[in-house]
Every structure is written in C-alpha cells, then in structure tokens.
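Spelled out, the chains give:
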Amino acid sequence: MKKLIDFIKGKIEHMGEDYLVIENNSIGYKVFTSAYTTSDLNGKSENAIVYTQMIVREDDIRLCGFSSRAELKVFDLLRTVKGVGTKVAVGILSSIPYVQLVNILMAGDANS
C-alpha cells in the first residue's frame, strides 16, 4: 500500500494524552500517537518529525504518527494481528516501549 503522507515536519503546537498537533505550512495536523512518542518529542517543539500512517475506515479517518520509523513499523505489524486495531496498537505502544516489545517477541517471552 502506498502512503499519502510519509512524515510531517513542523512545530508541535499542542500535546494531548494520546495525540499531538503539529503545524506545517499553517496547517495543524492532529496526529494520534503513543506515550513513548509524546515523551520523545516533549521539548522538541521546532522542526519535529513525525512518521505517519493514515488509517481510513468507513466511519473514521485518522492520522497516526511516531517519532521513529521503527516504532511506526511495529505499529503497522501490531495492526496485522487479529483483534488489534488502531487504538489498541497505539495503546500497546503506550504501555511498553516498542524496542522492549520487539525484544520480548523475539525472545518468545509471552509472560513479560
């Protein structure tokens, strides 16, 4: 699948609990994100880069974004799991850093 918006580079205008608003060329993009990305971008208000995935559903269009391509890739992989949608995938990435999640999965340690 081809991507419409690969990344957004701009000024972070606002951070919410599960989203941020990044301004680029006088447009404020509301980007849903993980707590890890929010923490990673905290204090980087100018020239922040958010790597994005646009999720289009019948009743919703949502832009999700992450501070690294690696976290975006883990997000995309999580969404391929049956029963894991956009909100659940972001929730998982908010509860455990993506690097730690990858290490757990690679080790086959489902109890962590």
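Refer to the structure printed above.
A brief structural summary. What you see is a predicted model; the values in this text were computed from it and never measured. (Residues numbered from 1 in each chain as written. Predicted model: local features only at pLDDT ≥ 70, side-chain atom pairs only at ≥ 80, totals over all residues. Heavy atoms only, no water.)

Bringing the overall build of the chain into the picture now. The helix and strand inventory of the chain stands at four helices and five strands. Starting at the N terminus, the α and β elements of the chain follow one another as β-β-β-α-β-β-α-α-α. Here the chain has a C-alpha radius of gyration of 14 Å; the compact-globule value for 112 residues is 13 Å, and the two agree. The C-alpha extent of the chain, read off along each of the three principal axes, is 45 × 35 × 25 Å. Here the chain holds 112 residues, and the buried ones make up 37% of them. One way to put it: in the chain the 13 positive side-chain charges average out to a point 5 Å from where the 13 negative ones average out. (Helix = DSSP H or I, 4+ residues; strand = E, 2+ residues; numbered from the N terminus. Rg over C-alpha atoms; globule rule 2.2 N^0.38 Å. Buried < 20%, exposed > 50% of the residue type's maximum accessible area, 1.4 Å probe, protein only. Lys, Arg positive; Asp, Glu negative; His and termini not counted. Charge placed at Lys NZ, Arg CZ, Asp CG, Glu CD.)

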